[in-house]
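Architecture and fold: a report
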Amino acid sequence: MKTILSRLSYLIFSLLLCANAAAAWQLGMQEPASEMAATQQFLNEFVMWIIVIIGIGVFGIMFYSIVRHRKDKGYKAANFHENTLVEIIWTAVPMFIIIGMALPATSAIIDYKNTSSPDLTVKVTGIQWKWEYDYLDKDVAFYSQLSTAPEEIGGKYYGSDATANPQSDHYLLEVDNEMVVPVGKKVRLLLTAADVIHAWWVPQLGVKQDAIPGVVRDAWFEANRPGVYRGQCAELCGKNHGFMPIVVRAVPEDEFNAWIVEQGGKVAASDEAPNYVGADTTAATAEDAAPVEWTMEVAMQQGETAYNTYCAACHQANGEGLLPAFPALKNSKIALGDIAEHIDIVINGKAGTSMAAFSYLSASDLAAIITYERNAWGNDTGDLIAPEDIKK
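Note that the coordinates shown come from a computational prediction; the quantities given were computed from them, not determined experimentally. All chains use their own residue numbering, which begins from 1 and follows the written sequence. The model is predicted, so local features are restricted to residues of pLDDT at least 70 and side-chain atom pairs to those at 80 or more, both for listing and for counting; the totals for chains, interfaces and linings are taken over all residues. Remark: hydrogens and water are excluded; side-chain values derive from all non-hydrogen atoms of the structure.

Our next topic: the layout of surface pockets. Put simply, the grid is 1 Å and covers the protein atoms alone, a cavity is a trapped set of points that fit a 1.4 Å probe, a pocket is an open set with protein on both sides within 12 Å along at least five of seven lines, and lining residues have an atom within 4 Å of a point. Grid points are joined across faces, edges and corners, and a volume is the space filled by probe spheres set on the points. Considered as a void within the structure, the largest pocket measures approximately 460 Å³ in volume. As for the largest pocket, its lining consists of 26 residues, and the residues nearest its centre are His315, Pro327, Leu329, Ile345 and Met355. Broken down by secondary-structure element, the contributors of at least two residues to the lining of the largest pocket are β5 (187–193), α8 (312–315) and α10 (339–348). In this description a helix means any DSSP run of H or I spanning at least four residues, a strand means any run of E spanning at least two, and both kinds are numbered starting from the N terminus. The dominant element in the lining of the largest pocket, judged by the number of residues it contributes, is α10, at three residues. Any residue outside Ala, Val, Leu, Ile, Met, Phe, Trp, Tyr, Cys, Pro, Asp, Glu, Lys and Arg is labelled polar, Gly included; the first ten of those are nonpolar and the last four are charged. Along the lines of polarity and charge, the residues of the lining of the largest pocket split into 17 nonpolar, six polar and three charged.

Turning to the confidence of the model for the protein chain, a few remarks are in order. Confidence of the predictor in every single residue is expressed as pLDDT, which spans 0 to 100. Averaged over every residue, the pLDDT of the protein chain is 81; residues scoring 70 or more account for 82%. Confidence scores differ between elements of the protein chain, with helix α6 (residues 269–272) showing the lowest mean pLDDT of 41 and strand β10 (residues 245–251) the highest of 96. Below pLDDT 50 for its whole length, residues 155–166 participates in 17 contacts with residues either more than four positions away or in separate chains. When checking whether two residues touch, look at their non-hydrogen atoms; a contact exists if any pair is within 4.5 Å. Here residues 269–291 is modelled with pLDDT under 50, and outside its nearest four sequence neighbours on either side it reaches 33 contacts, counting other chains as well.

All right, on to the packing of aromatic side chains then. By convention, a stacked pair of Phe, Tyr or Trp rings (six-membered ring in the case of Trp) has centres within 6.5 Å and planes under 30 degrees apart, an edge-to-face pair has planes over 60 apart, and any other such pair is tilted. In this structure the tally under the stated criterion is 12 aromatic pairs. Taken together, a centroid distance of 6.2 Å and an interplanar angle of 15 degrees make the contact between tryptophan 200 and phenylalanine 221 stacked. Taken together, the positions of tryptophan 200 in strand β6 (residues 198–202) and phenylalanine 221 in strand β8 (residues 217–221) put the pair 21 residues apart, joining distant regions of the chain. Ring geometry for tyrosine 307 versus tyrosine 372: centroids 5.5 Å apart, planes at 45 degrees, classification tilted. Residue tyrosine 307 is located in helix α7 (residues 296–310), and its partner tyrosine 372 is located in helix α11 (residues 363–375); the two are separated by 65 residues in the primary sequence. The positively charged end of lysine 130 is found above the aromatic ring belonging to tyrosine 143, 4.7 Å away from the centroid. We call a charge positioned over a ring when the NZ of a Lys or the CZ of an Arg lies within 6 Å of the ring centre and within 35 degrees of the ring normal. For lysine 186, the ring lying beneath its charged end belongs to tryptophan 220, and the centroid distance is 4.7 Å.

Let us now look at the pairing of strand β1 (residues 120–127). Accessible area is worked out with a 1.4 Å probe on protein chains only. A residue is then buried under 20% of its type maximum, exposed over 50%, and partly exposed in between. The buried fraction of β1 amounts to seven of the eight residues, a majority that puts the element mostly inside the structure. Bridge count for β1 against β5 is seven bridges, and the pairing is parallel. Among the inter-strand pairings, threonine 121 is bridged to a residue of β5, identified as arginine 188. The pairing of β1 with strand β2 (residues 130–135) spans six bridges and is antiparallel. What sits directly across from valine 122, in β2, is tyrosine 135. Whether two strands pair depends on DSSP finding at least two bridges between them.

On to the packing of α10 against α11. What counts as an axis is a line fitted to C-alpha atoms, over the stretch in contact for a helix, and the angles between N-to-C directions run from 0 to 180 degrees. Relative orientation of the contacting elements α10 and α11 amounts to 125 degrees, with a least axis distance of 11 Å. Relative to α11, the element α10 lies oblique. In this structure, the crossing between α10 and α11 has a hand that is right-handed. Contacts between α10 and α11 involve Ile339, His342, Ile343, Val346 and Ile347 from the first element and Leu366, Ile370, Glu373 and Arg374 from the second. Broken down by class, the residue content of the contact of α10 with α11 amounts to six nonpolar, one polar and two charged. Our angle categories are set so that under 35 degrees counts as roughly parallel, over 145 as roughly antiparallel, 65 to 115 as roughly perpendicular, and the remainder as oblique. Handedness of a crossing follows from how the near helix is turned relative to the far one, being left-handed for an anticlockwise turn of less than a right angle and right-handed for a clockwise one.

What follows covers the pairing of β5. Here β5 lies mainly inside the structure; seven of its seven residues are buried. Across five bridges, β5 lies against β8 in antiparallel orientation. Residue leucine 189 lies in a different strand from β8, and its bridge partner there is alanine 219.

Before going further, it helps to examine the nonpolar core. Counting 38 residues, the largest nonpolar core has Tyr133, Tyr135, Met179, Leu189, Trp200 and Phe221 as its most contacted members. Ignoring anything within four residues of it in the chain, the contact list for methionine 179 reads Val122, Tyr133, Tyr135, Phe142, Val187, Leu189, Trp200, Phe221, Val247, Val248 and Arg249. In plain words, nonpolar cores are sets of buried Ala, Val, Leu, Ile, Met, Phe, Trp, Tyr and Cys residues tied together by side-chain atoms within 4.5 Å. Among the nonpolar cores identified, the runner-up in size contains 28 residues, and Leu329, Ile347, Ala356 and Tyr372 belong to it.

With that settled, the discussion passes to the sheet that holds β5. Across the sheet, five strands lie side by side as β3-β2-β1-β5-β8; this open sheet has mixed pairing. Strand pairing shows two members of the sheet lacking a second neighbour, β3 (140–144) and β8, which therefore form its edges. Shown here is a sheet whose adjacent strand axes are inclined to one another by a mean of 20 degrees, direction ignored.

Strand order across the open sheet formed by five strands is β4-β10-β9-β6-β7, with mixed pairing between neighbours. Single-partner strands in this sheet number two, and they are β4 (179–182) and β7 (207–211). Pairs of neighbouring strands in the sheet enclose a mean axial angle of 25 degrees, with direction left out of account. Pairing of strand β9 (residues 227–233) with β10 involves six bridges; the strand directions are antiparallel. Note that in β10 the partner of glutamine 232 across the bridge is proline 245.

Put into structure tokens, the structure is as follows:
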């Protein structure tokens, strides 16, 4: 008895010492900053309430039956053997409950997997123990890793004493280079890894996707308000797994464009000038204009560079793709088939698949890419696509 009282006193004393920390505890999920995260939170609460209602109903009936229909009161167990009505009820009710949960969940999954028509594409590579971000259409790339110095963390992990000197409340979630994205724009992520399996996870944006060596996975998010959103690697990737944070800063579009220029990148033509695909081309810019002599050699040389910049992450430099998400272009029906269909899918993408629209590229880059795809890796169609064909 004394041992029990002693342990209880120790527990109460410990809880009192932790009162300040307990005040910061948060119940439930983090406040969503994207529509997808809000949907995930709704599904979590929706299913939880269904579970609560079922639990109250089942245990309520069970306890009522145990107390009111017990044997010492003279009650005898009812026989439900081969009772058709009861069997229909206990089959139909769970079926309708499952359907009621499956419909919104399926809709959310389909939406989560639809990475088509992004406004921005970023290739994310997990590396022990940092992240590499490559803005494919902006010519910006950098590494991002924990910025807090080991000696400021403290604890036995780094062999220092316990006198930690944290930089901020988020000192284990601070990075040297943040991922910057525009608010209200669909950001598509192409995720892979250089060594072991990692996982890119930012709860407030509703994104969690594995990054696997030799495989390209994709995901997307759209931040609905400016702010800083933090996450971590969610896959046990080695001894420094807990020190591989993710920080996403969502800013207004003009601020994002200024950041791109500051990083030495380029603002897409669609951000600066009209999109000439399907529009009046009388005021085409110099970037859209073809060279003086648009030859197969010029198109193939420019096409190889543009393809490796915008397309190789998915379809691979050798054109063999990464099935099942990214089909091969080598000996494919698209690259060897109708030219108009090939141009259409590159410009407009394909809904419901991982194929994004590349209408923001210049007409000459689009013409060069399509020419390259139709004549590289042994395709050898001999087709030369001109910028004028794109503008039409």
